[in-house]
Amino acid sequence: MLDLVTAMLAFLVLLPLVGSIIFPYFWQDLVFLYSIIRIGYRSQKYLQRKPPFTMLDIFLAKVQKHPEKPFILFEEETYSYRDIDQRSSQVARVFRGHLGLKGGETVAVFLKNTPAYTWVWLGLEKIGCATACVNYNIRLKSLLHAFSSCKAKVVVTTPELKGAIEDVLPALQKEGVRVFYLSNESPTEGVAALLRQIESSSAEPVPLSFRANVTPSFASMYIFTSGTTGATLVLKSKFSVSQYWDDCRRYGVTVIQYVGEIMRYLCNAPKKNNDRDHNVRMAMGNGMRADVWKEFMCRFGPIRICEFYGATEGNIGFVNYPGKVGAVGRTSYLYKKLVRYELIRYDVDKEAPMRDEKGLCIPVALGEPGLLVCKVTAQYSFEGYAGDREKTEKKIIRDVLKKGDSYFNSGDLLMQDREGFIYFQDRVGDTFRWKGENVATTEVEATLAAVDFIQEVNVYGVLVPGHEGRIGMAAIQLKEGLSFDGKKLYIFAKDYLPNYAIPCFIRIQEVLEITGTFKQCKSQLVKEGFNPAIISNPLYFLDISEKCYVPMTQHIYSSILEKKLKL
């Protein structure tokens, strides 16, 4: 009997060790799943209150807890929680009293990265109005679309953006949209300055009755740009590679956020002796390639990288909580039961999911790239896009696993390995098919980025008349002081890429165009193709007989179109 008890005790002692060997991420998966369920439960409880308990209430609780704690650090300015609370109360009174805004109406905020963005947003929350965050880089039709799709009654901006506003002001006035500058004076006829009234208004807390009519169905925010909020926040007007780490040291930053290629830009900056002299312990974001991930940690120290995957309008997300290099997230059996998602086969030529004889979608095998889709349910709903039902409908795929079901189409190709880690492969529009093979542009970019004379590379597929699919092309930015070496690039690509993935054409650009969130622009490059008559940048063609990239000529171009040159 004693031996049995001893054996049982030994089993219980060794159980966690054995479990960690068989299921190495079991406890991490369990903690993550518990966190999701807990957050979901709390969110539901918050929304059931009348009025609902929102982010504004969380902020106000922080104001009560530590009013003097810095909330925003911006250049030489410091704003405490109390400062932002008081200024937002002033905004609330002016917008409700002077402008006559009512709960449920929308104000478009067309501002650059300044503290004003925060107190305008919180001020609107205090009167139950929605904030439309409009990207300050867009102009004309795109700008008007942003304003109209969210049915904005008011636009708040600054004289710094007067050119963009004056271009669309007649159209806004025609629709009855009022425009105001957050300034003391207005340089534009028909646009009033609002700052003096805000500063002269009472900074006392606003009554709860100002937002008493808010319900869970009210829109809080329309997002036309990307951003984040936190506790103490260090804000910059724009991203600067040269000032980044100095700012981190100056403000004692402990957590940084990244998007797109930011980390790559930091790795490409000249090395300094104090690269590891900082307090940053964690970096959160998405879009970091595996090679950049390794280089970043090697150069700047053992910073914990918390890569995640998600979309503002999406109904699913992943988090790489174990920190596996290159993965955008992790899944588990329990997580998939909670969030009903699938990776399905996708035809890149037809730009549609593949279907079986029953008309249903086909799940991919482990290790195979597939289109991420997530079932639309009451808990994981898809609200769609404001003012664009057609675009919303295009993001829904029906009859996925059974007739009548509906899934959100992420537009992303992901891959899951045997351990449950999720890897981003490509955007659907960024994958092209050549010689019967699917080519993931990000994989080719990650490979070519290792060539010593390449600073940045953007890979895409271009149409060739008379040929099926799209052939690979790469826009390249050279490192300062280095020149293009067609022979070296050919040898490197031949060694590290399959033949069908090797770019046939190279375009040299001084700077590669990126979006406001540091993602590479491909659409215009795809449209311009490889015609030397319309492209002023240096172009090169992969000459197999010469085993080298040679300058592209009109003769080569014509020979390709006439099928005299084999691709």
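Residues numbered from 1 in each chain as written. Predicted model: local features only at pLDDT ≥ 70, side-chain atom pairs only at ≥ 80, totals over all residues. Heavy atoms only, no water.

Participant: Any chance you could explain the overall build of the protein chain here in plain terms?
Facilitator: Regarding its fold elements, the protein chain presents 17 helices and 28 strands. For 567 residues, the compact-globule formula gives about 24 Å, and the C-alpha radius of gyration of the protein chain, at 27 Å, lands near that figure. Over its C-alpha atoms, taken along the principal directions, the protein chain stretches across nearly 90 × 80 × 60 Å. The buried share of the protein chain, taken over its 567 residues, is 44%. Put simply, 65% of the contacts in the protein chain that link residues at least 6 apart link residues at least 24 apart. Total accessible area on the protein chain stands at roughly 30000 Å², and carbon and sulfur atoms take up 54% of it. Here the protein chain contributes 71 positively and 61 negatively charged side chains, and the mean placements of these two sets differ by 4 Å. (Helix = DSSP H or I, 4+ residues; strand = E, 2+ residues; numbered from the N terminus. Rg over C-alpha atoms; globule rule 2.2 N^0.38 Å. Buried < 20%, exposed > 50% of the residue type's maximum accessible area, 1.4 Å probe, protein only. Contact = heavy atoms within 4.5 Å. Areas by Shrake-Rupley, 256 points an atom, 1.4 Å probe, with all protein chains shown as cover. Lys, Arg positive; Asp, Glu negative; His and termini not counted. Charge placed at Lys NZ, Arg CZ, Asp CG, Glu CD.)

Participant: Would you mind going over the packing of helix α4 (residues 81–98) against helix α5 (residues 115–125) with me for this structure?
Facilitator: A packed helix pair is summarised by two numbers, namely the angle formed by the two axes and the spacing between the axes. α5 packs onto α4 with a crossing angle of 55 degrees between their chain directions and a minimal axis gap of 7 Å. In terms of orientation, α4 lies oblique with respect to α5. As α4 packs across α5, the resulting crossing turns out to be right-handed. Counted together, I84, R87, S88, V91, A92 and F95 of α4 and T118, W119, V120, L122, G123 and L124 of α5 form the full contact between these two elements. Looking at side-chain class alone, the contact of α4 with α5 contains eight nonpolar, three polar and one charged residues. (Axes fitted to C-alpha atoms, helices over the stretch in contact; angles between N-to-C directions. Parallel < 35°, antiparallel > 145°, perpendicular 65-115°, else oblique. Left-handed = near helix turned anticlockwise from the far one by under 90°. Nonpolar A, V, L, I, M, F, W, Y, C, P; charged D, E, K, R; others polar.)

Participant: Is there a simple way to think about unusual backbone geometry in this case?
Facilitator: Most peptide bonds take the trans form, and the phi angle of most residues other than glycine is negative. In this model, K50 is joined to P51 through a cis peptide bond whose omega is -10 degrees. Despite not being glycine, L140 shows a phi value in the positive range, around 50 degrees. Here L140 lies in helix α6 (residues 140–149). For L140, a relative accessible area of 47% gives the class partly exposed. Of note in the backbone geometry, K151 takes a positive phi value of approximately 55 degrees without being a glycine. Judged by relative accessible area, which is 62%, K151 ranks as exposed.

Participant: Could you clarify how one ought to interpret a positive patch on the surface in this entry?
Facilitator: A cluster of basic side chains, namely K435, K487, K494, K547 and K566, defines a positive patch on the protein surface. Topologically, K566 is positioned in the segment after α17 (554–561). Judged by its relative accessible area of 79%, K566 is exposed. (Patch = residues over 30% accessible without salt bridge, like charges linked within 9 Å, V, L, I, M, F, W, Y side chains within 5 Å. Salt bridge = Lys/Arg side-chain N within 4 Å of Asp/Glu carboxyl O.)

Participant: Mind showing me how you'd approach the pattern of salt bridges here?
Facilitator: Summed over all chains, the structure comprises 23 salt bridges. Here E393 makes a salt bridge to R398, at a shortest N to O gap of 2.7 Å. On the basis of relative accessibility, which here comes to 38%, the residue R398 falls in the partly exposed class. By sharing partners, the salt bridges in this structure join K324, D417 and E419 into a single network.

Participant: I tried to follow helix α14 (residues 441–448) on my own but got confused; where do I start?
Facilitator: Given 3.6 residues to a turn, an α-helix orients residues that are three or four positions apart in the same direction. Residues of α14 that are buried: T441, V444, E445, T447 and L448. All buried residues of α14 project into a common sector of 165 degrees when viewed along the axis, lining one side. Contacts from the buried residues of α14 go to β21 (421–427), β22 (431–434), β23 (437–440), β24 (454–463) and α15 (486–496). (Arc of directions from axis to C-beta.)

Participant: Help me understand the packing of aromatic side chains in this model?
Facilitator: Under the counting rule described, the total for this entry stands at 28 aromatic pairs. Arranged with centres 4.5 Å apart and planes meeting at 25 degrees, the rings of F32 and Y321 form a pair that is stacked. Remark: Y321 occurs in the loop between β13 (318–319) and β14 (329–330) and F32 occurs in helix α2 (residues 26–48); sequence separation between them is 289 residues. Both residues of the pair, F32 and Y321, count as buried. Ring geometry for Y46 versus F53: centroids 4.5 Å apart, planes at 40 degrees, classification tilted. Note on Y46: relative accessible area 21%, which makes it partly exposed. Each member of the aromatic cluster is reached from another via a ring pair, and the members are F32, Y309, F318, Y321, Y335 and Y341. One Lys or Arg, R87, reaches over the ring of W119 and ends 5.0 Å from the middle of that ring. Cation over ring: R330 sits above F421, and NZ or CZ is 5.1 Å from the ring centre. (Phe/Tyr/Trp six-rings, centres within 6.5 Å; stacked < 30°, edge-to-face > 60°. Lys NZ or Arg CZ within 6 Å of the ring centre and 35° of its normal.)

Participant: Even after reading the chapter, I still don't get the nonpolar core, so can you show me in this structure?
Facilitator: For soluble globular proteins, nonpolar side chains are generally found buried alongside one another. Within the largest apolar cluster, 46 residues are counted, with the highest numbers of intra-cluster contacts made by L448, L489 and F505. Ignoring sequence-local partners within four residues, the contact set of F505 consists of V462, I471, G472, M473, A474, F530, Y540, F541, M552 and I560. Counting 37 residues, the second-largest nonpolar core is a separate cluster that includes F95, L99, V109 and L194. (Core = buried A, V, L, I, M, F, W, Y, C linked by side-chain atoms within 4.5 Å.)

Participant: Help me understand the state of the cysteines in this model?
Facilitator: Disulfides are covalent bonds that link the sulfur atoms of two cysteine residues. Scanning all chains against the criterion turns up zero disulfides. C374 provides the cysteine sulfur closest to C361, a residue in no disulfide bond, and the two sulfurs are 14 Å apart. By relative accessible area, C361 is classed as buried at 4%. (Disulfide = S-S within 2.5 Å.)

Participant: Whenever I open this one, the packing of α6 against helix α7 (residues 162–174) confuses me. Can you help?
Facilitator: Viewed as axis vectors pointing N to C, α6 and α7 meet at an angle of 55 degrees, and their least axial separation amounts to 10 Å. Relative to α7, the element α6 is oriented oblique. Between α6 and α7 the crossing geometry is right-handed. In this structure, α6 contributes L140, L143, L144 and F147 to the contact, and α7 contributes A164, D167, V168, A171 and L172. Its residues assigned to classes, the contact of α6 with α7 comprises eight nonpolar, no polar and one charged.

Participant: Looking at this structure, I do not really get the sheet that holds strand β2 (residues 77–80). What am I missing?
Facilitator: Two modes of strand pairing occur in sheets, parallel and antiparallel, and in both the strands are linked by backbone hydrogen bonds. Read from one edge to the other, the open sheet built from three strands follows the order β2-β1-β9, with strand pairing classed as mixed. A single partner strand is all that each edge strand has here, and the edge strands are β2 and β9 (233–235). Adjacent strand axes in the sheet meet at a mean angle of 20 degrees when their direction is disregarded. As paired strands, strand β1 (residues 70–74) and β2 are joined by four bridges and run antiparallel to one another. Bridged to L73 within β2 is T78. Lying over the sheet, α5 contacts β1, β2 and β9, oriented at roughly 140 degrees with respect to β1. (Pairing = 2+ DSSP bridges.)

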